[in-house]
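Inside the fold
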Amino acid sequence: MKTTHALMLGAALAALSGPAMAQERPLRPEPAPVQASDRPVVPPTEQPERIILNLTADPAHEMAVTWRTAPGLTGFVEYAEAQDGPDFIPQAVRVTAATDDATLAVREAAEFRAAYHSTVLKGLKPETVYAYRVGDGARWSEWLQFRTAATSAKPFTFLYMGDMQNNILSEASRTLRMAFRKAGDAAFVIHAGDLINRHDSDNEWGEWFAAGGFLYAQTPQMPTPGNHEYGRGPVLNPQWRRQYTLPETGPAGVEKLKETAWTVDYQGLRLISVDAPLFHGDEAMRAEMMRWLDGLLADNPNRWTALFLHFPLFSIDPDRDNARVRDALKPLIDRYGVDLVLQAHDHGYARGAIGTGPMSNAGPDHPSEQGSTYVVSVAGPKMYPVADLGWAARSASRTQTFQALEVSPEAVVYRAFTATGRELDAFRLTKGADGVTRVETLEAGR
């Protein structure tokens, strides 16, 4: 990013003049994006990089691993049950990964080459810590660790992040890293779309991976696409399916929705990713997802259900509305009593329960203690206005947040924190014998 002498002088004057002068500086409406795509592309090397875990449809017995290297290399994973000392290493099993030697047109280079490696480790034991490393047989990553899920509805925590998107490494990374300071034992992390700003910028994807570093290689990351992961068409960027190995549990036989619309059952929670850009803009794909969702929600043995997608059903920016998404999804959410709808896109924070029935973008005119709870959040520094929302029990503007959700058979306890670790919002969901979910707002910080 370029720095002018005028900006440097302004910063110096603000520092000399104290807080009063600093407060008079106008708030920027959004950050000037770091032009990562203006830099030359950084080719991959022979050393494994961008290592990431993803859950599969069977998280108690499987784990997906993906990484990339320079082209022309074979990929292997070695793994074993972890032990307290180093004696697990001679017991490690080696498996060969699937390798895609790809040539891609990225923003920074017309013919970018990289080898993408992926495999699903199968036959694992539930509730077990495994150590693994990836490489080509000569060059290896460090030994990394993950834990498989339980087969029953035991308590766990997961993290939820809105758009990282802009200034990813320089500013959004602090939100993600603070999330792991608060909930380092999280079972997985969901990302509600717009992970990056320019879908075809390999440098921006590099910043996203650098922001999480080894954290992505030890805690499964579970993204749903936003509009910024799509190019014109809309066409999903080809790096998406190469750098993630997400569950192929979406609408059967629909190639366009593979690894974008998916579901995982995890210890009593049914988690569902909706491909919001295609849901909004492609009538055929919307119909496919509606049929799929109806089946998933009608036949759901889990205590809790969380649906997440990029476009909010109820926008917190007065100039934005996703009527097609709301009109199609809300009747299903109401009919089947979805507990949580976790969203992004609007670059602000709001949370509230919304009852059944058709509604406009404004939603109800007062907060409720019943109904599905809708959340909008943003992890990165790009900000939009937040309207005066009658339905929101809590809202905040110009605030980067992450959310930690503690799930147990008895309750879901949700806490939203700012990028500095301050608790912003908290509530508890409980469900009686009637199956109706009730919301209790908690005092933040307690």
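Cut-offs and rules
Residues numbered from 1 in each chain as written. Predicted model: local features only at pLDDT ≥ 70, side-chain atom pairs only at ≥ 80, totals over all residues. Heavy atoms only, no water. 1 Å grid on protein atoms, 1.4 Å probe; cavity = no way out; pocket = protein on both sides within 12 Å on 5 of 7 lines; lining within 4 Å. Points joined across faces, edges and corners; volume = space filled by probe spheres on them. Helix = DSSP H or I, 4+ residues; strand = E, 2+ residues; numbered from the N terminus. Nonpolar A, V, L, I, M, F, W, Y, C, P; charged D, E, K, R; others polar. Core = buried A, V, L, I, M, F, W, Y, C linked by side-chain atoms within 4.5 Å. Buried < 20%, exposed > 50% of the residue type's maximum accessible area, 1.4 Å probe, protein only. Pairing = 2+ DSSP bridges. Axes fitted to C-alpha atoms, helices over the stretch in contact; angles between N-to-C directions. Polar contact = N/O pair within 3.5 Å; in protein donor to acceptor, adjacent residues only side chain to side chain. Contact = heavy atoms within 4.5 Å. Parallel < 35°, antiparallel > 145°, perpendicular 65-115°, else oblique. Left-handed = near helix turned anticlockwise from the far one by under 90°. Phe/Tyr/Trp six-rings, centres within 6.5 Å; stacked < 30°, edge-to-face > 60°. Lys NZ or Arg CZ within 6 Å of the ring centre and 35° of its normal. Expected span 1.5 Å × (residues − 1). Bend = angle between axes of the 7 residues up to and from the residue.

What follows covers the layout of surface pockets. In this structure, the largest pocket encloses a volume near 470 Å³. When residues of the lining of the largest pocket are traced back to their parent elements, those giving at least two are strand E8 (144-147) and strand E9 (156-161). When residues of the lining of the largest pocket are assigned to their parent elements, the largest contribution, three residues, is made by E8. Considered class by class, the residues forming the lining of the largest pocket number nine nonpolar, seven polar and four charged.

A word on the nonpolar core. Counting 115 residues, the largest nonpolar core has Tyr132, Phe188 and Trp208 as the members making the most contacts within it. By size, the runner-up hydrophobic cluster in this structure holds seven residues, among which are Val41, Leu104, Val106 and Ala114.

On to the pairing of strand E3 (residues 76-81). Burial analysis of E3 places five of its six residues in the buried class, which makes it a mostly covered element. Sheet analysis places E3 next to strand E4 (residues 93-96), joined by four bridges and oriented antiparallel. Opposite Val77, over in E4, you have Val95 as the bridge partner. Two elements, E3 and strand E7 (residues 129-135), share six bridges in a ladder whose sense is antiparallel. Bridge pairing links Glu81 to Tyr130 in E7.

Attention now goes to the sheet that holds E4. Strand order in the open sheet made by the four strands is E4-E3-E7-E8, with antiparallel pairing throughout. Both edges of this open sheet fall to E4 and E8, since each of them pairs with a single strand only. Geometrically, the sheet is characterised by an average inter-axis angle of 30 degrees between neighbouring strands, direction not taken into account.

Within the element layout of this structure, His310 appears in the loop between strand E16 (304-308) and helix H8 (323-336). On the basis of relative accessibility, which here comes to 0%, the residue His310 falls in the buried class. At 3.0 Å, the side chain of His310 and the side chain of Asp194 are in polar contact. Non-local contacts of His310, meaning those with residues more than four positions away in its chain, are made with Asp163, Ala192, Gly193, Asp194, Thr224, Pro225, Gly226, Asn227, Ala276, Gln343, Ala344 and His345.

H8 packs onto helix H7 (residues 283-298) with a crossing angle of 15 degrees between their chain directions and a minimal axis gap of 10 Å. Classed by the angle they form, the pair H7 and H8 counts as roughly parallel. Crossing of H7 over H8 shows right-handed handedness. From H7, Arg286, Met290, Leu293, Asp294, Leu297 and Ala298 reach across to H8, where they touch Arg324, Ala328, Leu329, Leu332, Arg335 and Tyr336. Residues belonging to the contact of H7 with H8 are distributed by class as follows: eight nonpolar, no polar and four charged.

Counting through the fold element by element, Asp202 comes out in helix H4 (residues 202-212). Given the relative accessible area of 0%, Asp202 is considered buried. Of note is the side chain of Asp202, whose polar atom sits 2.8 Å from the side chain of Gln239. Sequence-distant contacts of Asp202, that is, excluding residues within four places in its chain, are made with Val41, Val42, Arg50, Arg68, Val106, Glu108, Phe112 and Gln239.

With that settled, the discussion passes to the packing of aromatic side chains. For the coordinates displayed, the defined rule picks out 22 aromatic pairs. When the ring of Trp208 is compared with that of Tyr216, the centres are 4.3 Å apart and the planes differ by 25 degrees; the resulting orientation is stacked. Of the two residues, Trp208 and Tyr216, both sit in the buried class. Pairwise contacts between aromatic rings join Trp205, Trp208, Phe209, Tyr216, Trp240 and Tyr244 into one cluster. The ring of Phe76 has Arg94 lying over it, and the distance from NZ or CZ to the ring centre is 5.0 Å. Seen from the ring of Trp304, Arg303 lies directly overhead, with NZ or CZ sitting 5.8 Å from the centre.

On to the sheet that holds strand E24 (residues 437-441), then. Each strand in a sheet pairs with another by means of backbone hydrogen bonds, the pair being arranged parallel or else antiparallel. Pairing within the open sheet is mixed, and its seven strands lie in the order E11-E10-E9-E21-E22-E23-E24. Where the open sheet ends on each side, the last strands, each with one partner, are strand E11 (221-223) and E24. Adjacent strand axes in the sheet meet at a mean angle of 20 degrees, parallel and antiparallel pairs treated alike. Here five bridges tie E9 to strand E21 (residues 401-407), and the two strands are oriented antiparallel to one another. Its bridge partner lying in E21, Tyr160 is registered against Gln403.

In this section: H8. Here H8 spans 20 Å end to end across 14 residues, near enough to the 20 Å set by a 1.5 Å rise per residue. Helix geometry: H8 is bent most strongly at Leu329, by close to 35 degrees, with proline Pro331 lying one to four residues after it. Looking at H8, one finds that the buried residues are Val325, Arg326, Ala328, Leu329, Lys330, Leu332, Ile333 and Asp334. On the buried face of H8, the contacting elements are helix H6 (276-281), H7, strand E17 (340-343), strand E18 (349-354) and strand E19 (372-376). Of the residues one or two after H8, Gly337 is the one with positive phi, at around 60 degrees.

Glancing now at unusual backbone geometry. With an omega dihedral of -5 degrees, the bond running from Gly233 to Pro234 counts as a cis peptide bond. Among the structural elements, Pro234 can be located in the loop between strand E12 (230-231) and strand E13 (235-236). Even without a glycine there, the phi angle at Asn167 is positive, about 45 degrees. Mapped onto the secondary structure, Asn167 falls in the loop between E9 and helix H3 (168-182).

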